[in-house]
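Results of the structural survey
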Amino acid sequence: MKTHITTLNNMAGTASLAHRRVLKVAQSIGCHEMGLSFYPLKPDYAKEIDKRLDGIIAPLNYGDIVIFQYPSWIGVNYDESFVNKIKSYRDTKLIIFVQDIQKLMFDSEQAILDMEIKTLNKADLLILPSKKMHRYLKENGLDEKPVIYQTIWDMPSDICFVDHAVTRCFHFAGNYNRFPFLAEYHGKTPIYQYDANKPDRENDDSFCWKGYFEQEKLMHELSKGGFGLVWSDDEYFDRYYSMNQPYKLGTNLAAGIPVIVKRGCVHDKFVERNGLGYAVDTLDEADKLVQSITDAEYIELYRNVKNIQKLILDGAYTRKILQDAIIEVLENACTPVENRYQDHI
Ligand SMILES: O=c1ccn([C@@H]2O[C@H](COP(=O)(O)OP(=O)(O)O)[C@@H](O)[C@H]2O)c(=O)[nH]1
């Protein structure tokens, strides 16, 4: 029996980097890459897709396990055809690792969600970002099935940055237009924003655009000191961000710096129980907090982050969920695997 894991190639951006980072960890526990190549899906896709999929699943044998990193980003029709093909092989076990829900991410029509749920219902086991997402999917037609909740995004790397100064600033890696609070913030603690696109706002005492940094260069920049901001505006938070796993949380902790998260997000208890920073309701509260804590408290936060930083750089959380998922799917257990940090949501 072999375990295969899908990985998207030929597409730039965080989503395919996330696939590759999960692949790296999966390979360390003996999984094999099942590479998918991004291509534009034409309206008459049904005619040719079968041939394409035959090539992709050539290494599959009856009884193997397939971990599908979902979505493929090629298209919802492609995802559905892919899982149907996998499940047409006798005794194949399908684990779907849900990394984004397209309906929620792009605020698309209900028909997209219906297709997504049809695809997810083919899984023998799901890896989901949160209990809240699980509830949402069930309300929209997801069947009862074994589920494992992801703890956090890992950032596997051999470089561990350890020198952090007491610097009262926020770091925010994300797009200016996607996060409107960046235009409105005027606090005392400056926000340093990292993204390739120049924002409409000019630099001032509260905001500074730094441009785009490759992942490890970004981690080096963040590691110099400050708080990683994991934030979104209320509308986006209520619709999606409060049930999703934000990539920037792992990036900040992998750089060794504490974080500010919004109360009610997937990780507020994880952050508080491990002393990795603060969960707050508003940016004003975050600003005042960062200005008022003592240098000793700041240094204590860096100390707390150290152990979690090691786990994230090692890929330990991803390795654990993948291993748990493989064991669960073979034991065919039917109860969700609890994540003690998500009891409150
Ligand atoms: O200069 C930059 C800005 C962003 N990123 C990456 O993009 C992620 C944030 O992307 P996005 O806002 O799409 O993800 P989210 O955190 O909302 O899941 C960061 O964690 C980094 O991994 C990067 O590598 N360099």
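Just so it is clear, the structure is predicted and the values come from calculations on it, not from any experiment.

This part covers the overall build of the protein chain. Looking only at helices and strands, the protein chain features 14 helices and twelve strands. Expected size for 345 residues packed as a compact globule is a radius of gyration near 20 Å; at 21 Å, the protein chain falls within 12% of this value. Reported as C-alpha extents along the three principal axes, the dimensions of the protein chain are approximately 60 × 40 × 35 Å. Relative to all contacts within the protein chain whose residues are 6 or more apart in sequence, the contacts with residues 24 or more apart total 70%. Total accessible area computed for the protein chain in this model is approximately 14800 Å², and 50% of it derives from carbon and sulfur atoms. Measuring between centres, the 41 positive side-chain charges of the protein chain sit 3 Å from its 49 negative side-chain charges.

This brings us to the sheet that holds strand β9 (residues 207–211). Reading across from one edge, β9-β8-β7-β10-β11-β12 is the order of the six strands in this open sheet, with parallel pairing throughout. The two strands at the open ends of the sheet, each matched to only one other strand, are β9 and β12 (277–280). If you compare each strand with its neighbour and ignore which way they point, the axes differ by 25° on average. In this sheet, strand β10 (residues 227–230) lies alongside strand β7 (residues 170–173) in parallel orientation, the contact comprising two bridges. Of the residues in β10, the one forming a bridge with H171 is G228. Across the sheet, helix α12 (residues 283–292) lies against β7, β10, β11 (259–262) and β12, angled at about 150° from β12, the strand it touches most.

Time to look at the nonpolar core. If you look at the biggest cluster of nonpolar residues, it comprises 107 residues, and the most contacted ones within it are F82, I96, L137 and L253. Ranked by residues supplied to this core, first place goes to helix α13 (residues 295–314) with seven residues. If we ignore the near neighbours within four places in the chain, the residues touching L253 are I152, V259, F270, L276, V305, I308, Q309 and I312.

It is worth spelling out the sheet that holds strand β6 (residues 147–149) at this point. Paired through their backbone hydrogen bonds, the strands of a sheet run either parallel or antiparallel. Taken in spatial order, the six strands line up as β2-β1-β3-β4-β5-β6 in an open sheet, and their pairing is parallel. If you trace the sheet from one side to the other, it starts and ends with β2 (32–37) and β6, each paired once. For this sheet the average axis-to-axis angle between neighbouring strands, irrespective of direction, equals 20°. As paired strands, strand β1 (residues 3–9) and strand β3 (residues 65–70) are joined by three bridges and run parallel to one another. What sits directly across from T3, in β3, is I65.

A few words on the environment of I57. Structurally, the position occupied by I57 is in the loop between α2 (45–56) and β3. Sequence-wise, I57 and F82 are 25 residues apart; in three dimensions their C-alpha atoms are separated by 9.2 Å. Not counting the four nearest positions on each side in its chain, I57 is found in contact with M34, F82, K85, I86 and Y89.

On to helix α1 (residues 14–28). Here α1 spans 21 Å end to end across 15 residues, near enough to the 21 Å set by a 1.5 Å rise per residue. Listed in full, the buried residues belonging to α1 are S16, A18, H19, R21, V22, L23, V25 and A26. Just downstream of α1, G30 is the residue with a positive phi angle, here 90°.

In the neighbourhood of the ligand, 15 residues make up the surrounding shell, with F213, Q215, Y241, Y247 and T251 lying closest. Between an oxygen atom of the ligand and a side-chain N or O atom of Y241, the distance comes to 2.8 Å. Between K248 and the ligand, the recorded distance is 2.8 Å, taken from a side-chain N or O atom to an oxygen atom. Judged by its atoms lying within 2 Å of the grid points, the ligand is housed in the largest pocket. By residue class, the composition of the shell around the ligand is eight nonpolar, five polar and two charged.

Our next topic: the UniProt feature "domain: Glucosyltransferase 3-like C-terminal" (unreviewed entry) in the protein chain. Following the UniProt record, the feature "domain: Glucosyltransferase 3-like C-terminal" (unreviewed entry) maps to residues 171–325 here. Overall, residues 171–325 shows 48% helix and 15% strand. The separation of its end C-alpha atoms is 34 Å.

We now examine the pairing of β3. In the case of a regular strand, side chains alternate between the two sheet surfaces. Counting buried residues in β3 gives six out of six residues, a clear majority hidden from the surface. Burial along β3 is two-sided: I65, I67 and Q69 facing one way and V66, F68 and Y70 facing the other are all buried. Two strands pair when backbone bridges link them, and β3 and strand β4 (residues 93–98) are joined in this way by six bridges, in the parallel orientation. The residue bridging F68 from the neighbouring strand is I96, located in β4.

If you add up the space inside the largest pocket, you get close to 990 Å³. Looking at the largest pocket, it is lined by 37 residues, and the ones nearest its centre are T14, A15, R178, Y247 and K248. Elements with a minimum of two residues in the lining of the largest pocket: α1, α4 (102–106), α8 (215–223), α9 (234–241) and α10 (247–254). When residues in the lining of the largest pocket are grouped by element, the largest group, six residues, is from α1. Residues that form the lining of the largest pocket fall into these classes: 20 nonpolar, eleven polar and six charged. A domain split of the lining of the largest pocket shows at least three residues from each of domain 1 (3–154 + 316–342) and domain 2 (170–314).

The rules behind each value
- Residues numbered from 1 in each chain as written.
- Predicted model: local features only at pLDDT ≥ 70, side-chain atom pairs only at ≥ 80, totals over all residues.
- Heavy atoms only, no water.
- Helix = DSSP H or I, 4+ residues; strand = E, 2+ residues; numbered from the N terminus.
- Rg over C-alpha atoms; globule rule 2.2 N^0.38 Å.
- Contact = heavy atoms within 4.5 Å.
- Areas by Shrake-Rupley, 256 points an atom, 1.4 Å probe, with all protein chains shown as cover.
- Lys, Arg positive; Asp, Glu negative; His and termini not counted.
- Charge placed at Lys NZ, Arg CZ, Asp CG, Glu CD.
- Pairing = 2+ DSSP bridges.
- Axes fitted to C-alpha atoms, helices over the stretch in contact; angles between N-to-C directions.
- Core = buried A, V, L, I, M, F, W, Y, C linked by side-chain atoms within 4.5 Å.
- Buried < 20%, exposed > 50% of the residue type's maximum accessible area, 1.4 Å probe, protein only.
- Expected span 1.5 Å × (residues − 1).
- Near = heavy atom within 4 Å.
- Polar contact = N/O pair within 3.5 Å; in protein donor to acceptor, adjacent residues only side chain to side chain.
- 1 Å grid on protein atoms, 1.4 Å probe; cavity = no way out; pocket = protein on both sides within 12 Å on 5 of 7 lines; lining within 4 Å.
- Sits in = over half its atoms within 2 Å of the grid points.
- Nonpolar A, V, L, I, M, F, W, Y, C, P; charged D, E, K, R; others polar.
- UniProt positions renumbered as here; feature names shortened; annotations may be inferred.
- Points joined across faces, edges and corners; volume = space filled by probe spheres on them.
- Domains from an automatic or database assignment.

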